[in-house]
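# Fold and geometry: a report
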Amino acid sequence: MEKGTLVEFRVQGDRRLGVVDRPDGKTRWFVVDERGQSHSLAPRQLTYTVNGQTYKPADIPSFLSQVQPYLDPSSLEVAWEILVEDGETVTPSQMANLLFSESEPQHSYAAHCLLSDDKMYFKQKGDVYEPRSAAQVAERKHQIEVEAQKAKGQQEFLARVEQALQGESVEWQKPDRQRLEALEKYATFVADIVRMGINADALVRNYPPPAPVLETMNMLGRSATPQAALQLLIDLGWWSPHENLFLRRSSIPVQFPSKVLEVAQQHLDFPPADLDTNRLDLTHLKVYTIDDESTTEIDDGLSCEILADGRQRLWVHIADPTRWLMPEDDLDLEARKRGSTVYLPTGMIPMFPEVLATGPMSLVQGKICCALSFGVVLDDTGAVEDYTIHPSLIKPTYRLTYEDVDEMLELGVQAEPEIEAIANLAQKRKTWRYNQGAISINMPEAMIKVKDDDISIDILEDSPSRQLVAEMMILAGEVAARYGQTHNIPLPFRGQPQPELPPEEELLQLPAGFVRFCALRRCMPKSEMSITPVRHAGLGLDTYTQATSPIRRYSDLLTHFQLKAHLRGEDLPFSAEQLKEVMMTVTTTTQELTMVERQTNRYYALEYLRRNPEEIWEVTVLMWLREDSNLALILLEDLGLQLPMVFRRSVSLGEQVLVKVSIADPQKDIIQFQEIIYQEAIS
């Protein structure tokens, strides 16, 4: 190669021209670029040689200025249309003649630049270029169009993101939603692992983000970690700062399918025929429904009837949702999939569409309602002496709150003697159960509510009214189970094995009250379900099933299906094996619901404590979690919360201490307390 030859080479992918200066060894050449920089290049690094004359480095800018006017990529399309039919190959010089009718060095180099940069019409084969087929060009044009549309979509998405980050209202498009939903899945999928404290880098290595997530986060200049995805969704207003990841990660459906809503509305507009044509008319009875003020699904009512012989008959009226559905229909299958109404601090997710659940399925004050009524006569000890079960018609007289009933019992309201009579029978019933071995564990329970971002925590008091209602529900459950047992009906019976309690002297060594109750609770085995009767040790009953919340619990609905079919003299809708299979599915679902409820309550409990860092709480040391590490379970008595705490000194079970929150992070499930000595507390 002669000195002064103008050659093209690449530096980090960039096209550059240089002039051959001198050999460098046997095969390499020193080439000087327009900046005067010398490069040692092997022949394979040279991408083009400008033939016809010699140059100096100072000539390069002038040469490039002569080339520039010819660098129009659109001109290649005309040449391609001429060459494609015969598939002729061309050299840069030949292309220059075709395009410019000249093949001077600057024309040939311009043709080389066009051909080597072209990705659509020609492909290089050695020193020549071959036209692509018409099909290949069409495909490449399509790809370019798709990429252009994608780039445009990305720019529009970025503009909407910027709007959202500035707090402006944004109308997200379908592709945006797909991006954001991919982020949702990633942030939700690894939420538990984040809460376990795994390092973010390790997390990304083990759970790499899907391509759409990686693309979106890179586009927005954010790290592709689940925490960053979560924060982005919050920043965009797509998620609330307290998005319920437990609920999102679960299989719990939040919305009803449109088909189910349509069926519910049809039933509301055109009620189906009532299969129970011989309902017992109990509309003459005074019926009390007793619930929390916020309850909208009213599924039980109570009456007390004086019989001709002077005895009292208790009536427990239970809402009859099976009046509105059939086994295996759309409403039933949707309720089965849900398993139960979900109660969260932020609100409830009903098992049935609300138009039915809070309307015709509920026991609404002043309206004639369908019910399944359990009439029970107790003997002097509180045992069931006689009972009857009927599909019925009732007319709820009063809708009372627990507070209303507590006040009525305290004042002894003469106008409502039935309330006092029911309370006395409930007390007699409770005494009887404890004589049968029932176990009482009375621990405070927190009721957490969130409204407009305000969190309130109240203790669910074990008041006389709540005890009254609980006893009546247990009584109806025993009667339903006894009927099933007597008539050999498969039901979702509930039981609890006999616990192995600590010896009396060991229990007496523990402080009375919460510490002792906590020790008892640890000994209680899990409740179990069976299609045959089994003893429930905790309730002190030989047979028991739940039948009093069929609007809110699917297992109770199963009990109603079975009992009502038998009362009508029809075949049972579920055989023993079918019932067992359904129960297994529902049990798995309800376990998931319980976990979501528990996790959500804990989240908001920690958030409440985080918001009150200066509050001093009186706590009781309940039990040791790891005594060697001074890790104990404490009870915040004012809130009914049980949480872990590490003590820096020796403490005793039952000891009451004052504490403040030192760290509370609900997203990471972290809570730490510090003990406050008395002098600090009063200063």
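Everything below is about the structure shown above.
These numbers come from a predicted model, not from an experiment.

## A look at empty space enclosed by the protein
Over the atoms, a rolled probe matching the size of one water molecule traces out where space is still vacant. Inspection of every chain in the model, using the stated rule, returns one cavity of 30 Å³ or more. In this structure, the largest cavity is lined by Met 408, Leu 409, Gly 412, Val 413, Glu 416, Ile 419 and Glu 420. Going through the elements one at a time, helix H15 (402-411) and helix H16 (417-435) are the ones with two or more residues in the lining of the largest cavity. A per-class count over the lining of the largest cavity returns four nonpolar, one polar and two charged.

## Looking at the packing of H15 against H16
The N-to-C vectors of H15 and H16 enclose an angle of 95°; their axes lie 10 Å apart at closest approach. The pairing of H15 with H16 is recorded here as roughly perpendicular in orientation. Where H15 abuts H16, its residues Val 405, Met 408 and Leu 409 lie against Ile 419, Glu 420 and Ala 423. Partitioning the contact of H15 with H16 into residue classes produces five nonpolar, no polar and one charged.

## Remarks on helix H1 (residues 60-67)
Among the residues of H1, those classed as buried are Ile 60, Phe 63 and Val 67. Around the axis of H1, the buried residues are gathered within 60° of arc, so they sit on the same side. Contacts made by the buried residues of H1 are with strand S1 (6-11), strand S2 (14-24), strand S3 (28-33), strand S5 (46-50) and helix H4 (105-117).

## Observations regarding the nonpolar core
Of all hydrophobic cores here, the largest spans 38 residues; its most connected members are Ile 290, Phe 374 and Met 472. Broken down by secondary-structure element, the contributors of at least two residues to this core are strand S9 (288-291), strand S10 (300-306), strand S11 (312-319), strand S14 (369-378), strand S15 (384-394), H15, H16 and helix H17 (464-486). Here this core takes ten residues from H17, the largest share from any one element. The contact partners of Ile 290, leaving out residues within four places of it in the chain, are Asp 300, Leu 302, Leu 400, Thr 401, Tyr 402, Val 405, Leu 468 and Val 469.

## Considering the environment of Arg 433
Of note, Arg 433 is situated in helix H16. Spatially, the C-alpha atoms of Arg 433 and Arg 610 are 42 Å apart, while their sequence positions differ by 177 residues. Setting aside residues up to four positions removed in sequence, Arg 433 forms contacts with Ala 438, Glu 471, Ile 474, Leu 539, Gly 540 and Leu 541.

## As for the sheet that holds S5
A sheet is described by the order of its strands in space; here five strands give the open sequence S4-S3-S2-S1-S5, paired in antiparallel fashion. Only two strands of the sheet have a single partner each, and these edge strands are strand S4 (38-41) and S5. In this sheet, neighbouring strand axes are inclined to one another by 40° on average, regardless of whether the strands run parallel or antiparallel. Of the strand pairs in this sheet, S1 and S2 are connected by six bridges, and their pairing is antiparallel. Looking at S2, one finds that Phe 9 is bridged to Arg 16.

## Notes on the sheet that holds strand S24 (residues 656-665)
Two pairing modes exist for strands in a sheet, parallel and antiparallel, and in both the strands are linked by backbone hydrogen bonds. The strand order across the open sheet formed by five strands is S23-S22-S21-S24-S25, and the pairing between neighbours is antiparallel. At either end of the open sheet lies a strand with only one pairing partner, and these are strand S23 (641-646) and strand S25 (670-676). Neighbour to neighbour, the strand axes of the sheet diverge by 45° on average, direction disregarded. Here strand S22 (residues 631-636) runs beside S23; their pairing, made up of six bridges, is antiparallel. Residue Ile 634 lies in a different strand from S23, and its bridge partner there is Leu 643. Of the strands in this sheet, strand S21 (617-626), S22 and S23 are in contact with helix H19 (residues 514-523), which crosses S21 at around 35°.

## Section: the side chain of His 112
When you line up the elements, His 112 lands in helix H4. Among the polar contacts made by the side chain of His 112, one reaches the side chain of Glu 8 at a distance of 2.9 Å. Those residues within four positions of His 112 in sequence are excluded, and the remaining contacts are Glu 8, Arg 15, Thr 47, Tyr 48, Pro 92 and Tyr 129.

## Points about the pattern of salt bridges
Scanning all chains against the criterion turns up 46 salt bridges. A salt bridge links Asp 274 to Arg 323, with the nearest nitrogen and oxygen atoms 3.9 Å apart. Of this pair, Asp 274 sits in the loop between helix H12 (258-269) and strand S8 (280-281) while Arg 323 is found in the loop between S11 and helix H13 (330-338), placing the two residues 49 residues apart along the sequence. On the accessibility criterion, Arg 323 (14% relative accessible area) is buried. For Asp 320, the salt bridge identified is with Lys 564, shortest N-O distance 2.8 Å. One end of the pair, Asp 320, is in the loop between S11 and H13; the other, Lys 564, is in helix H20 (residues 554-567), with 244 residues separating them in the sequence. Looking at Lys 564, the relative accessible area reads 2%, which means it is buried. Shared partners join several salt bridges into a network, and the residues in it are Asp 274, Asp 276, Arg 279, Asp 320, Arg 323, Lys 564, Arg 568 and Glu 570.

## Here's the deal with the state of the cysteines
Per the counting criterion, the structure on display carries zero disulfides. Of the cysteine sulfurs around Cys 370, a residue in no disulfide, the closest is that of Cys 369, at 7.8 Å. Here Cys 518 stays unpaired: no disulfide links it, and the sulfur of Cys 523, its closest cysteine neighbor, is 10.0 Å away.

## What about the packing of aromatic side chains?
Taken as a whole and assessed by the stated rule, the structure comprises eleven aromatic pairs. Ring centres 5.6 Å apart and planes at 45° place the aromatic pair Tyr 48 and Tyr 109 in the tilted group. Taken together, the residues span a long stretch of sequence, with Tyr 48 in strand S5 and Tyr 109 in helix H4 at a distance of 61 residues. The same class applies to Tyr 48 and to Tyr 109, which are both buried. Following the ring pairs from residue to residue traces out a cluster consisting of Tyr 48, Tyr 55, Phe 63 and Tyr 109. Over the face of the ring belonging to Trp 324 we find Arg 323, whose NZ or CZ atom lies 4.9 Å from the ring centre.

## Looking at the pairing of strand S17 (residues 445-451)
Pairing geometry for S17 and strand S18 (residues 454-460), over seven bridges, is antiparallel. Pairing of Glu 445 across the sheet is with Leu 460, part of S18. Between S17 and S18, which pair antiparallel one after the other, the connecting turn spans two residues, and Asp 452 there sits at a positive phi close to 50°.

## Examining the pairing of strand S7 (residues 128-131)
In the sheet, strand S6 (residues 122-125) pairs with S7 via four bridges, with the strands oriented antiparallel. Bridging from a neighbouring strand, Lys 123 pairs with Glu 130 of S7. The antiparallel pairing of S6 with S7 creates a hairpin that spans two residues between the two strands, and Gly 126 there sits at a positive phi of about 70°.

## A closer look at the packing of helix H6 (residues 174-189) against helix H9 (residues 211-219)
For the pair H6 and H9, interaxial distance at closest approach is 9 Å and the crossing angle is 105°. Considered as vectors, H6 and H9 are oriented roughly perpendicular to each other. Side by side, H6 and H9 meet where Arg 179, Ala 182, Leu 183 and Tyr 186 of the first sit next to Pro 212, Val 213, Glu 215, Thr 216, Met 217 and Met 219 of the second. Counted by class, the contact of H6 with H9 contains seven nonpolar, one polar and two charged residues.

## Focus: helix H2 (residues 75-83)
Within the span of H2, buried status applies to Ser 75, Leu 76, Ala 79, Trp 80 and Leu 83. Down the axis of H2, the buried side of the element spans an arc of 135°, and every buried residue falls inside it. Looking at the packing, one finds that the buried side of H2 touches helix H3 (92-100), H4, S6, S7 and helix H5 (134-165).

Calculation notes
Residues numbered from 1 in each chain as written. Predicted model: local features only at pLDDT ≥ 70, side-chain atom pairs only at ≥ 80, totals over all residues. Heavy atoms only, no water. 1 Å grid on protein atoms, 1.4 Å probe; cavity = no way out; pocket = protein on both sides within 12 Å on 5 of 7 lines; lining within 4 Å. Points joined across faces, edges and corners; volume = space filled by probe spheres on them. Helix = DSSP H or I, 4+ residues; strand = E, 2+ residues; numbered from the N terminus. Nonpolar A, V, L, I, M, F, W, Y, C, P; charged D, E, K, R; others polar. Axes fitted to C-alpha atoms, helices over the stretch in contact; angles between N-to-C directions. Parallel < 35°, antiparallel > 145°, perpendicular 65-115°, else oblique. Contact = heavy atoms within 4.5 Å. Buried < 20%, exposed > 50% of the residue type's maximum accessible area, 1.4 Å probe, protein only. Arc of directions from axis to C-beta. Core = buried A, V, L, I, M, F, W, Y, C linked by side-chain atoms within 4.5 Å. Pairing = 2+ DSSP bridges. Polar contact = N/O pair within 3.5 Å; in protein donor to acceptor, adjacent residues only side chain to side chain. Salt bridge = Lys/Arg side-chain N within 4 Å of Asp/Glu carboxyl O. Disulfide = S-S within 2.5 Å. Phe/Tyr/Trp six-rings, centres within 6.5 Å; stacked < 30°, edge-to-face > 60°. Lys NZ or Arg CZ within 6 Å of the ring centre and 35° of its normal.

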